[in-house]
Amino acid sequence: MGLPEYGRRRVPGLRREEVALLAGVSADYYVRLEQGRETHPSPQVVAAVALALRLDAEATGHLHRLCLDDTQRPGHPRDETVSAQLLRLMDGWASTPAFIVGPALDVLAANSLAVALHSGFARFDNLARMVFADLAGRGFYRDWDRAARSCVAEIRAAYGFDPGSARIAVVVGELSSASDDFARLWRLHEVKGKSLDVKHVRHPDVGDLHIEYAAFTVNGNPHQQLVVYQAAPATPTAAAFERLRTTPAFRRSEAISPGSDAPRQPAGEAATMGWCDSIDSLP
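Because the structure is a prediction, the values reported are computed rather than measured. Here the residue numbers are simple positions, counted from 1 along each chain's written sequence. Predicted model: local features are reported for residues with pLDDT of at least 70 only, side-chain atom pairs are reported and counted for 80 or more only, and whole-chain, interface and lining totals are derived from all residues. Water and hydrogen atoms were dropped before computing side-chain values, which therefore reflect all heavy atoms in the structure.

## A word on the packing of aromatic side chains
Filter applied, for reference: Only the six-membered ring of Trp is used, alongside the rings of Phe and Tyr, when aromatic pairs are assigned; centres must lie within 6.5 Å, and planes under 30 degrees apart are stacked while those over 60 apart are edge-to-face, with the rest tilted. What counts as a helix is a DSSP run of H or I of at least four residues, what counts as a strand is a run of E of at least two, and both are numbered from the N terminus. Residue burial is assigned from relative accessible area. The probe radius is 1.4 Å, only protein chains are included, and a residue is buried under 20% of its type maximum, exposed over 50%, and partly exposed in between. Should the NZ of a Lys or the CZ of an Arg lie within 6 Å of a ring centre and within 35 degrees of the ring normal, that charge is described as sitting over the ring.
Taken as a whole and judged by the stated rule, the model has nine aromatic pairs. Ring centres 5.1 Å apart and planes at 70 degrees place the aromatic pair Phe121 and Phe140 in the edge-to-face group. Of this pair, Phe121 sits in the loop between α6 (112-117) and α7 (127-133) while Phe140 sits in helix α8 (residues 136-140), and the two are 19 residues apart along the sequence. Like Phe140, Phe121 is buried. Between Phe121 and Tyr141, the ring centres sit 6.2 Å apart and the planes meet at 50 degrees, which makes this aromatic pair tilted. Here the residue Phe121 occupies a position in the loop between α6 and α7, and Tyr141 occupies one in the loop between α8 and α9 (144-161), the gap between them amounting to 20 residues. Phe121 sits in the buried class, given a relative accessible area of 7%. We classify Tyr141 as buried; its relative accessible area is 5%. One aromatic cluster is present, built from ring pairs that chain together Phe99, Phe124, Tyr213 and Tyr229. Between Arg65 and the ring centre of Phe161, over which it is positioned, the NZ or CZ distance is 3.9 Å.

Dropping the structure here:
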């Protein structure tokens, strides 16, 4: 960091006084900021602290959002209803698994191929619960550590947009109690929203799949994301998607016709998960 060294450190990382020096603020001001006694730092100070800590663009944006008060946050309703048009769009993708997730990674709706793809899990209801609390998760995700880290970073990013979300608090509280791995990763404060990436999974019926996926924010409901899985043409994964359409799991999911009154997919099971009063009370 270009700072003079004064002997061995008891713990890794910068001292508070060093962060303050790099950010160009007084040590006393930085201590007040860190302890929550300074609740309205200017955007310039926040940017300076982010630069001092060498945060990337996503983490810097997250830090700025955490400093907003309620009057500065967009007032989008927390709506878990998925539009009929979006359901029809997903149903039209015969060879493409697609589903909608909420901020806490609740699966709000899914097309038949996505349901069949995740049929090895006890429930296709919440991606984080499936990774950390379902025994099938370790076998399904070939790089489990990467999937686990991504899930936690995505929830942390969503929390920055909506710190008052009771649903995020419920999911984080439940999984922190149920999984030491989740609790450890949550304490890292890593931030990464869903975007473009690859995923390696193993399905019990069709074997290994190397999936390219993309996530898109739903304009009509910014709290929702459309997640689309794709296979490169003429690859073993593309052939596996076709075989997946012949499995009993796919036929069961097809039995629920588009636009019917039956639930397309359970939405998060919010009433059955534990409760914690505030996400800030968690480690």
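Still more to cover.
## Details of the sheet that holds strand β2 (residues 107-110)
Defined as follows: One requirement defines pairing of two strands: DSSP has to find at least two bridges between them. Note on method: axes are straight lines fitted to C-alpha atoms, helices fitted across the in-contact stretch only, with angles between N-to-C directions ranging 0 to 180 degrees. Whether two residues are in contact is decided by their heavy atoms: any pair within 4.5 Å suffices.
Judged by pairing direction, the sheet is antiparallel, and its five strands sit side by side in the order β2-β1-β5-β4-β3 without closing on themselves. Every interior strand has two partners, whereas the edge strands, β2 and β3 (196-203), have only one. When strand polarity is set aside, the average angle formed by the axes of neighbouring strands in this sheet is 30 degrees. Direction of pairing for strand β1 (residues 98-101) relative to strand β5 (residues 221-230): antiparallel, over a ladder of four bridges. Across the sheet, the residue bridging to Val101 is Gln225, located in β5. Its contacts with the sheet place helix α5 (residues 84-91) against β1, β2, β4 (207-218) and β5, and it is angled at close to 150 degrees to β1.

## Some words on a nonpolar patch on the surface
The test is simple: Only residues whose relative accessible area exceeds 30% and that take part in no salt bridge are eligible for patches, with like-charged residues grouped when within 9 Å of each other and nonpolar side chains (Val, Leu, Ile, Met, Phe, Trp, Tyr) grouped when within 5 Å. Using a 1.4 Å probe, the Shrake-Rupley method yields the accessible areas, and only the shown protein chains count as cover for residues. Here, a salt bridge means any Lys or Arg side-chain nitrogen found within 4 Å of an Asp or Glu carboxyl oxygen.
Taken together, the side chains of Met1, Leu14, Leu22, Leu53 and Leu55 define a hydrophobic patch exposed on the protein surface, amounting to about 370 Å² of accessible area. Here Leu22 lies in helix α1 (residues 16-23).

## Examining the pattern of salt bridges
Throughout the structure, instances matching the rule amount to 16 salt bridges. With its nearest N and O atoms 2.2 Å apart, the salt bridge here joins Glu34 to Arg16. Highlighted residues: Glu34 in helix α2 (residues 27-34) and Arg16 in helix α1, separated in sequence by 18 residues. Overall, Arg16 belongs to the partly exposed group, its relative accessible area being 45%.

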